[in-house]
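Residue strings, one per chain:
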Amino acid sequence: MGIAVKRIFVAGIAALALLAGAAFGGWQWLNSYVETPLLNTSDYELTVEPGSSLRSVLRTLAQDGMLAHPDAVRIHAKVSGTGDRIQAGRYTLSVSTTPQSLLEQLRSGGVDLVQVRIIEGWTAAQAVAAIKRHADIVDDLELEVLSRGDGQPFLDTSAHESLARLLGIEQDSIEGWLYPDTYSFAPGTKASDLLRLLHKKQRSELASAWAGREDRPTLPDPYSLLILASIVEKETSREDERARVAGVFDRRLQRKIRLQTDPTVIYGVGQRYDGDIRRRDLNDQNPYNTYRVDGLPPGPIALPGKAALRASAEPADGTALYFVATGEPDGSHVFSETIEEHESAVRDYLKKLRQRGN
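Trainee: Would you mind going over unusual backbone geometry with me for this structure?
Mentor: Note: most peptide bonds trans; most residues except glycine with negative phi. Its identity is not glycine, yet Lys256 carries a phi of approximately 60°, on the positive side. As for its position among the elements, Lys256 is in the loop between α9 (242-254) and α10 (262-269). Its relative accessible area of 72% is what places Lys256 among the exposed residues. Even without being glycine, Gln260 reaches a positive phi, approximately 50°. Inspection of the secondary structure assignment puts Gln260 in the loop between α9 and α10.

Trainee: Mind showing me how you'd approach the packing of helix α6 (residues 157-167) against helix α7 (residues 191-211) here?
Mentor: Two measures define how a pair of helices packs: the angle their axes make with one another and the distance between the axes. As a packed pair, α6 and α7 sit with axes 10 Å apart at the nearest point and diverge in direction by 75°. It follows that α6 is roughly perpendicular to α7 by the angle criterion. Residue-level contacts link Leu163, Leu166 and Leu167 of α6 to Ser192, Leu195, Arg196 and His199 of α7. Residue composition of the contact of α6 with α7, by class: four nonpolar, two polar and one charged.

Trainee: Mind showing me how you'd approach the confidence of the model for the protein chain here?
Mentor: Detailed conclusions should not be drawn from predicted coordinates in areas where pLDDT is low. Mean pLDDT over the protein chain: 90, with 91% of residues reaching 70 or higher. This stretch, residues 8-12, has a pLDDT under 50; its non-local contacts, to residues over four places away or in other chains, come to zero contacts. Per-residue pLDDT stays below 50 along residues 14-24; that stretch engages in zero contacts with residues further than four places along the chain or on separate chains.

Trainee: Where do I start with the side chain of Glu175 in this structure?
Mentor: Checked against the element boundaries, Glu175 lands in the loop between α6 and β7 (182-185). Within the buried set, Glu175 has no salt-bridge partner at all; the shortest N-O distance to an opposite charge, 8.3 Å, is to Arg148. Here the side chain of Glu175 touches Ala124 through a polar contact of 2.8 Å, landing on its backbone nitrogen. With residues near it in sequence (within four places) discarded, Glu175 still touches Trp122, Thr123, Ala124, His160, Tyr267, Pro300, Ile301, Ala302 and Leu303.

The rules we used
- Residues numbered from 1 in each chain as written.
- Predicted model: local features only at pLDDT ≥ 70, side-chain atom pairs only at ≥ 80, totals over all residues.
- Heavy atoms only, no water.
- Helix = DSSP H or I, 4+ residues; strand = E, 2+ residues; numbered from the N terminus.
- Buried < 20%, exposed > 50% of the residue type's maximum accessible area, 1.4 Å probe, protein only.
- Axes fitted to C-alpha atoms, helices over the stretch in contact; angles between N-to-C directions.
- Parallel < 35°, antiparallel > 145°, perpendicular 65-115°, else oblique.
- Contact = heavy atoms within 4.5 Å.
- Nonpolar A, V, L, I, M, F, W, Y, C, P; charged D, E, K, R; others polar.
- pLDDT = per-residue confidence, 0-100.
- Lys, Arg positive; Asp, Glu negative; His and termini not counted.
- Salt bridge = Lys/Arg side-chain N within 4 Å of Asp/Glu carboxyl O.
- Polar contact = N/O pair within 3.5 Å; in protein donor to acceptor, adjacent residues only side chain to side chain.

Right, here's the structure in full:
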């Protein structure tokens, strides 16, 4: 090898060594940088919208003064295999959050969950209204929630039918088919997905209650259990009374006595209900008026919870055929076997209301 060639070879080796050293030094710096906390001095809330890329998220952090070298973090993510695999949601970045821990959060979906509470005894319209107005839920339901005369939410027939198709419900109404509970979810969750979750949970709870039921001719199928449980849910919120109320209704059904329950009347009045039940409402011939029709109404009137479903599947034994509120703040009822006892209890209840000025 000539002297000139040898010099060129040695210079090339030196250049490669310098490049290798620079690359090694650069990688060391990058590894050190992604383990250095972000520039925030207090907790920072990061919202990642569905469809967002890692580049756009890092750019937002840089614009907010949180990140000095967004491209370096993106390169590290690419080399380490994270890439753009990030999940939408709301994230809280503490003062100890590093770019590396941020990437892990975005990849695993370790988001801050939010909640919506669906109350036992609500109507489906109230549940849908709560979901549609929730700030962290994407409303993809193309329907309008109306108002009843008393200001409560109301869904018309077309809205019920549309939602029934969405959830795959055989009936033309979703009433009763949503499970009341507190649900945690990531911000940006679609309303339709949340409704599917509520419906799946109610189907599961109904199946469980139906499997543990007493064999009674008054409830020929799971849907009839759902209907009865919705009435029990509206009649009492007391744990110690649900099975007794269900027992009263079961005995009335067996003896072909009309249920004569006010909550079904209110449901049947529909959008016209303004807070008071009038004589014309009790005389109305709609199929939910259990003062005028025999047996169960054609569908549920509210969203029953687990306790009401279980109580309706396993009603308490007894002889009572009537019950009325005591008028006490505890929400208790008086149960009676005869119409005379019941009428006396009703008079006592009305007397208490008059004494209180109601």
